[in-house]
Amino acid sequence: MRALLKRSETVIFLVLLAAVIITGLLNPAAWQLGNIFSLLRANVITGIMALGVLVVMISGGIDISVPYFAMAAMYVTLLGMLKTGYAGILLPFVVSTVIGLALGGLNAFFVHTVRMIPMIVTLGTGTMVRGFLLGVIGTSNINRDQMPGQLIDFASTALVKMQAPDGSTIELSAMVLIYVALALVVHFILAHTMIGRGLYAMGGDREAARRAGFNVRRITWFAYCLSGALAGFAGLLYVSMSWLANPRDLAGTEMDLLAAVVLGGASIFGGRGSVLGTMLGVFMLVLINNSLIILHVSTTWQRVAVGLIVITACAVTAWRDRRAAVA
């Protein structure tokens, strides 16, 4: 029992539970089924992108280019669909994922081959891709009327649909299943494969991992390419769920992703983190933003709250790692 209470996932779950209770006491609307379904739906896009950030962070790196890769992949893919008249589902998601994977490979090249600092690399590539997207490809919004109907129908699939007491319809998006499935895949990779062990080993001590026989080059490429691929997939899924393609969307959400991953127990220095912790961190972040909206707190103060979360979570991580090193 004591070992369970020491786990980061247990702590964040208890904090999350307390936050849910307090929010519900302040505003009972937070406990309504419709709001809970909305919270779960809001976890999907942030959660999928956060999984990629988690993998990179475990390896000892950092990736703040994720939302910009997602923007580029979704917008380019959607423009291609409109110009060719293609209305399918599978191929666009494959294309968007591959675009993200290729952009992630660009990060891996600069980090491993050129030996650049991951934060500088991902900041630069993210800015470069966003600038290229807005300056060369286009800035026009693509609204629901222009988007392929099958793409919208796919994301509109509901697991549960019921009528609320006020007569409105509430539903749980089936996209939650996609998020959970991807989380299980990433968990399997981290917990049950050699490359997963290599990610943790490299994050703990890169040179020691190399001496232990891990292929540092392959692990670095895997981490950044997986992060990019998840970003590309999440980008197109975001468009199909929001019914609007804006090339400026998702910009600035890199802080939310970092906050969620660190809040979920991942170390900013690498070598530590879990999928369950990240999912709980994402839910906590979404809950905080939702609670502030319910309490009529302005968007500006919501960003202040996210910034405080990042600072606090990083401080706690650094303190925990120092204690572990002393022990």
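The structure presented is a predicted model; accordingly, all values stated were derived computationally and were not measured.

Student: Sorry if this is basic, but what is going on with the overall build of the protein here?
Tutor: Helix and strand content of the protein: 14 helices and 2 strands. The burial tally for the protein puts 49% of its 327 residues in the buried class. In the protein, of all internal contacts separated by at least 6 residues, the share reaching a separation of at least 24 is 76%. Of the roughly 15600 Å² of accessible surface on the protein, 67% is carried by carbon and sulfur atoms.

Student: I'm lost on the pattern of salt bridges in this one. Help?
Tutor: Between side chains of opposite charge, a pair can form as their charged atoms come close. Evaluated as defined, the whole model comprises 3 salt bridges. A salt bridge links Lys161 to Glu171; its shortest N-O distance comes to 3.6 Å. On the criterion of sequence distance, the pair formed by Lys161 in strand β1 (residues 158-163) and Glu171 in strand β2 (residues 169-173) is long-range, its members being 10 residues apart. Taking relative accessible area as the criterion, Lys161 reaches 58% and is therefore assigned exposed. For Glu171, a relative accessible area of 35% translates into the label partly exposed. For Glu207, the salt bridge goes to Arg210, with nearest N and O atoms at 2.8 Å. Pair noted here: Glu207 and Arg210 are both in helix α10 (residues 206-211), with a separation of 3 residues, about one helical turn. In this structure Glu207 comes out as partly exposed when scored by relative accessible area, which is 34%. Overall, Arg210 belongs to the partly exposed group, its relative accessible area being 33%. The network of salt bridges with shared partners includes Glu207, Arg210 and Arg211.

Student: I would appreciate a short explanation of the side chain of Ser173 in the present structure.
Tutor: Note that Ser173 resides in strand β2. Separated by 3.1 Å, the side chain of Ser173 and the backbone nitrogen of Met175 make a polar contact. Residues contacting Ser173, with those up to four places away along its chain left out, are Arg41, Ala155, Thr157, Leu159 and Met241.

Student: Quick question: what am I supposed to make of the environment of Thr84 here?
Tutor: By secondary structure assignment, the location of Thr84 is in helix α4 (residues 66-84). Separated by 28 residues in the primary sequence, Thr84 and Val56 have C-alpha atoms spaced 35 Å apart. A distance of 2.7 Å separates a polar side-chain atom of Thr84 from the backbone oxygen of Gly80. There is a polar contact of 3.4 Å between the side chain of Thr84 and the backbone nitrogen of Tyr86.

Student: Sorry if this is basic, but what is going on with the nonpolar core here?
Tutor: Counting residues in each nonpolar core, the largest one holds 87 residues, and the members touching the most others are Val44, Ile48, Met49, Leu78, Met175 and Leu237. At 14 residues, the largest contribution of residues to this core is made by helix α3 (residues 33-58). If near-sequence neighbours (up to four positions away) are discounted, Met49 is found in contact with Val66, Pro67, Ala70, Ala231, Ala234, Leu250 and Leu257.

Student: Where do I start with the side chain of Ser65 in this structure?
Tutor: On the secondary structure map, Ser65 appears in the loop between α3 and α4. In this structure the side chain of Ser65 is engaged in a polar contact, spanning 2.5 Å, whose partner is the side chain of Asp63. Within polar-contact distance, the side chain of Ser65 engages the side chain of Asn107 at 3.0 Å. Beyond its immediate sequence surroundings of up to four residues, Ser65 is in contact with Asn107, Thr122, Thr125 and Gly126.

Student: So what exactly am I meant to see when it comes to helix α12 (residues 254-263) here?
Tutor: Count 3.6 residues to each turn of an α-helix, and residues three or four apart come out pointing the same way. Within α12, 8 of the 10 residues are buried, leaving the element largely enclosed by the surrounding structure. Residues of α12 that are buried include every one of Glu254, Asp256, Leu257, Leu258, Ala259, Ala260, Val261 and Val262, and no others. Phi turns positive one or two residues past the end of α12, at Gly265, with a value near 105°.

Student: What is the right way to read the packing of aromatic side chains from this model?
Tutor: One pass over the structure, following the stated rule, counts 3 aromatic pairs. Relative to Phe233, the ring of Phe93 has its centre 5.1 Å away and its plane inclined at 40°; by these criteria the two rings are tilted. Of this pair, Phe93 sits in helix α5 (residues 90-113) while Phe233 sits in helix α11 (residues 216-242), and the two are 140 residues apart along the sequence. With relative accessibility at 18%, the residue Phe233 sits in the buried group. With centroids separated by 5.4 Å and ring planes inclined at 70°, the aromatic side chains of Phe109 and Phe110 adopt a geometry described as edge-to-face. The class for Phe110 is partly exposed, based on a relative accessible area of 26%. An aromatic cluster of three or more residues is present, and its members are Phe93, Phe154 and Phe233. In this structure, Arg144 packs its charged tip against the face of Trp243, placed 3.8 Å from the ring centre.

About the criteria used
Residues numbered from 1 in each chain as written. Predicted model: local features only at pLDDT ≥ 70, side-chain atom pairs only at ≥ 80, totals over all residues. Heavy atoms only, no water. Helix = DSSP H or I, 4+ residues; strand = E, 2+ residues; numbered from the N terminus. Buried < 20%, exposed > 50% of the residue type's maximum accessible area, 1.4 Å probe, protein only. Contact = heavy atoms within 4.5 Å. Areas by Shrake-Rupley, 256 points an atom, 1.4 Å probe, with all protein chains shown as cover. Salt bridge = Lys/Arg side-chain N within 4 Å of Asp/Glu carboxyl O. Polar contact = N/O pair within 3.5 Å; in protein donor to acceptor, adjacent residues only side chain to side chain. Core = buried A, V, L, I, M, F, W, Y, C linked by side-chain atoms within 4.5 Å. Phe/Tyr/Trp six-rings, centres within 6.5 Å; stacked < 30°, edge-to-face > 60°. Lys NZ or Arg CZ within 6 Å of the ring centre and 35° of its normal.

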